[in-house]
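Chains, contacts and geometry: an overview
What follows is each chain in one-letter form.
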Amino acid sequence: MGKRVFEVTDEEIEATRKKRYAFIKGLWNLLVDKGLVDPKRLMLCSPLVDEIVEHYLEDWIILKARYRIEKEIQLHKVAGLMAASILRYRPIVPIQNDLNGKQEIYINEFFAAMHGLGICGDHSLEVCEGLAQEEWFEYWFDDFLYLLHRRNYTSEALNFIFETFSMFRFPNNIL
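Please read these numbers as outputs of a predicted model, since none were measured by experiment.

Some details on the nonpolar core
Within the largest apolar cluster, 52 residues are counted, with the highest numbers of intra-cluster contacts made by I24, F111, M114, L117, F141 and F162. Counting residues per element, the ones that place at least two in this core are α1 (10-33), β1 (42-44), α2 (46-66), α3 (75-89), α5 (107-120), α6 (125-131), α7 (137-150) and α8 (155-169). Aside from chain neighbours lying at most four places away, what touches M114 is L27, C128, F137 and F141.

A look at α3
Helix length check: α3 (15 residues) gives 21 Å between terminal C-alpha atoms against 21 Å at 1.5 Å per residue, within 8%. With 12 of 15 residues buried, α3 is to be regarded as a mostly interior element. Turning to α3, its buried residues number three or more, namely L75, H76, V78, A79, G80, L81, M82, A83, S85, I86, L87 and Y89. On its buried face, α3 is in contact with α1, α2, α5, α7 and α8. At the exit of α3 stands R90, carrying a positive phi of roughly 45°.

Structural notes on α7
If you check α7, its first and last C-alpha atoms are 20 Å apart, about what 14 residues at 1.5 Å a residue would give, namely 20 Å. Those residues of α7 lying buried are F137, F141, F144, L145 and L148. Buried residues in α7, looked at end-on, bunch into an arc of 100°, giving them a common side. Opposite the buried face of α7, by more than 90 degrees, sit the exposed residues Y139 and R150. Looking at the buried positions of α7, the neighbouring elements they touch are α3, α5, α6 and α8.

Structural notes on unusual backbone geometry
Peptide bonds are mostly trans, and most non-glycine residues show a negative phi. The phi angle at R90 is positive, at roughly 45°, despite the residue not being glycine. Position of R90 among the secondary structure elements: in the loop between α3 and β2 (92-94). By relative accessible area, R90 is classed as partly exposed at 30%.

Section: the environment of E156
With respect to the helices, strands and loops of the structure, E156 is situated in helix α8. A relative accessible area of 53% means that E156 is categorised as exposed. For the pair E156 and K77, spaced 79 residues apart in sequence, the C-alpha to C-alpha distance is 8.1 Å. Separated by 3.5 Å, the side chains of E156 and S155 make a polar contact.

Observations regarding the packing of α7 against α8
Direction vectors running N to C along α7 and α8 enclose 170°, while the axes themselves pass 13 Å from each other. In terms of orientation, α7 lies roughly antiparallel with respect to α8. Mapping the contact onto sequence places W140, F144, L147 and L148 in α7 and L158, I161, F162 and F165 in α8.

Description of the confidence of the model for the chain
Interpretation of the predicted coordinates at a detailed level should be avoided for regions scoring low in pLDDT. The predicted model of the chain averages 91 in pLDDT, with 96% of residues at 70 or higher. Of all helices and strands in the chain, the one with the weakest mean pLDDT is α6 (82), whereas β1 scores best (97).

Quick look at the environment of E7
As for its position among the elements, E7 is in the segment before α1. For E7 and R68, which are 61 residues apart along the polypeptide, the C-alpha to C-alpha distance reads 9.0 Å.

Side note on the pattern of salt bridges
For the structure shown, the criterion picks out 6 salt bridges. When the shortest N-O distance is used, the salt bridge between E14 and R17 registers 2.6 Å. Note that E14 and R17 are positioned in helix α1 at a spacing of 3 residues, about one turn of the helix. For E14, a relative accessible area of 32% translates into the label partly exposed. Among the salt bridges present, the one from E134 reaches R169, with a minimum N-O distance of 2.5 Å. Placement of E134 in the loop between α6 and α7 and of R169 in helix α8 is noted, with a sequence separation of 35 residues between them. For E134, a relative accessible area of 23% gives the class partly exposed. Looking at R169, the relative accessible area reads 34%, which means it is partly exposed. Salt bridges linked by common partners bring E14, R17 and E54 together as one network.

What counts, and where the lines are drawn
- Residues numbered from 1 in each chain as written.
- Predicted model: local features only at pLDDT ≥ 70, side-chain atom pairs only at ≥ 80, totals over all residues.
- Heavy atoms only, no water.
- Core = buried A, V, L, I, M, F, W, Y, C linked by side-chain atoms within 4.5 Å.
- Buried < 20%, exposed > 50% of the residue type's maximum accessible area, 1.4 Å probe, protein only.
- Helix = DSSP H or I, 4+ residues; strand = E, 2+ residues; numbered from the N terminus.
- Contact = heavy atoms within 4.5 Å.
- Expected span 1.5 Å × (residues − 1).
- Arc of directions from axis to C-beta.
- Polar contact = N/O pair within 3.5 Å; in protein donor to acceptor, adjacent residues only side chain to side chain.
- Axes fitted to C-alpha atoms, helices over the stretch in contact; angles between N-to-C directions.
- Parallel < 35°, antiparallel > 145°, perpendicular 65-115°, else oblique.
- pLDDT = per-residue confidence, 0-100.
- Salt bridge = Lys/Arg side-chain N within 4 Å of Asp/Glu carboxyl O.

Here it is as structure tokens:
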């Protein structure tokens, strides 16, 4: 008996593409609405978002084929792949010729981390809001941003960080 080749349908690809775009745009809108991003100083660059989503889809197809995943990929893996793609293409760009402090300098890291945490919370933007209110979060998040901005990592390492986070915070989403 020959080796079965796993294929992803065009419909699955298009549904995943739409889901990735929707969550990126939703997170951006949330950050603007909450005053965490000033759209007069920073913008979400659509061509770079296109690059992020297409890069993610390539990795997503390879991952599904490599591990013969017929249904959904675990959320922490989606989070890690997307965070790596966001940080590769850095879609939030300055409109002004300067950046104001750590918040704007680390904005793509902030965006990638919050995006990943929201994905782990089953695509919930409310998770992003709720976590920031918790006592432990600021310390952990600052360390995570430092890692993303200053240190070396792989998408697999990000998968592991999001998996560990999910084990404690969203254990039902690991299955």
